[in-house]
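Geometric and topological summary
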Amino acid sequence: MSEINTRFRTIDGLSIRYAESTQPRDVEALLFAPWPESLYAYDVTWSKLAEHAHLTAVDLPGFGHSEMRKDLLSPQAMGEFVVRVADEFGLAKPHVVGPDIGTSAVLFAVAGHPERFRSATVGSGGAAVPIHLGEPLRAWVHAQDLAPYRAMGPKDVVTIALDAIQGYELPDEVREDYLAAYVGERFADQIPYVQAYRSQLPVLGEKLGGITTPVQILNGRFDPVVPLANAEYLQERIPGSRLDIVDKGHFIWEEGADDYARLLTEWWEKN
């Protein structure tokens, strides 16, 4: 049985799904879910992370089980929403964690709001310019026609992604939550977010040198979807950033959960 208990909250007119840990802590952390999963991606690390911080985990609008709005389907717009979420939950200066699609959004957030977050942890997300991605993400980013994705059943899309998880068996409850998040054509409706990488990653690249928030980059050494070059690109350009590599594939928060939790909590303790 998962320790994560989800609820919904209206933020900027949207129904946003979230979960909070039960223990109060002096330190706060705001966690955003990877794609095509949900905030249950933190299920396996939840108890360990909750020993070090009060957790608020959120499905970004349009992803997981949160309501979509088309004007937020780009990293820069989502970065502003990240700040709005922190404000809505009254988080004074939390650590913010944004793997996968959260990487670019969180970096836009800390670039534009340098004093808002105590630290940021990103990684496993597209960042490099020129764009350097593996399949199937590369195909999604460069797709000219979304009709084939609209024709796919939601279980087909999610199963393709989740079958790539190595060495970790998803609990039935978690797998069902992921699948339930992609009813109808929702997956195809999300693709414009990563297609915005083509125009917005160059914009983000120009901002990286001015980031003053402490940044940790966590990435899988053997990530076939978002190659390590993306993490190295960020580490080279964000002043004082730290790169931590987990000897796993893409889904390091599940495949390498012990290392992921340890590296993340050690980072929080130092910042």
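On a predicted model such as this, the values are computed, not experimentally measured, just so you know. (Residues numbered from 1 in each chain as written. Predicted model: local features only at pLDDT ≥ 70, side-chain atom pairs only at ≥ 80, totals over all residues. Heavy atoms only, no water.)

1. Concerning unusual backbone geometry
Put simply, the test is: To qualify as a helix, a DSSP run of H or I must reach at least 4 residues; to qualify as a strand, a run of E must reach at least 2; elements of each kind are numbered from the N terminus. Relative accessibility thresholds used throughout: buried, under 20% of the residue-type maximum; exposed, over 50%; partly exposed, between the two (1.4 Å probe, protein chains only).
With an omega dihedral of 0°, the bond running from valine 129 to proline 130 counts as a cis peptide bond. With respect to the helices and strands, proline 130 occurs in the loop between β6 (119-123) and α4 (137-142). A cis amide bond, omega 5°, links glutamate 135 with the succeeding residue proline 136. For proline 136, the location among the structural elements is in the loop between β6 and α4. A positive phi angle is found at aspartate 12, which is not glycine, with a value near 55°. Residue position: aspartate 12 is located in the loop between β1 (6-11) and β2 (14-20). Judged by relative accessible area, aspartate 12 falls into the partly exposed class, the value being 30%. Its identity as a non-glycine residue notwithstanding, serine 124 has a phi of 60°, on the positive side. Along the polypeptide, serine 124 turns up in the loop between β6 and α4.

2. Digging into the pattern of salt bridges
Here is the rule: Salt bridge criterion: a side-chain nitrogen from Lys or Arg within 4 Å of a carboxyl oxygen from Asp or Glu.
All chains considered together, the criterion is met by 18 salt bridges. Here aspartate 87 and arginine 116 are joined by a salt bridge, their closest N and O atoms 2.9 Å apart. Of this pair, aspartate 87 sits in helix α2 (residues 75-88) while arginine 116 sits in the loop between α3 (102-112) and β6, and the two are 29 residues apart along the sequence. Classification of arginine 116 as buried rests on a relative accessible area of 14%. Salt-bridge contacts for aspartate 189 lead to arginine 150; the nearest nitrogen and oxygen are separated by 2.7 Å. Note that aspartate 189 is positioned in helix α8 (residues 186-195) and arginine 150 in helix α5 (residues 147-151), a separation of 39 residues in sequence. Among the residues examined, aspartate 189 registers a relative accessible area of 29% and is labelled partly exposed. Salt bridges here are not isolated pairs; linked through shared partners, they connect Asp12, Arg69, Asp71 and Arg84.

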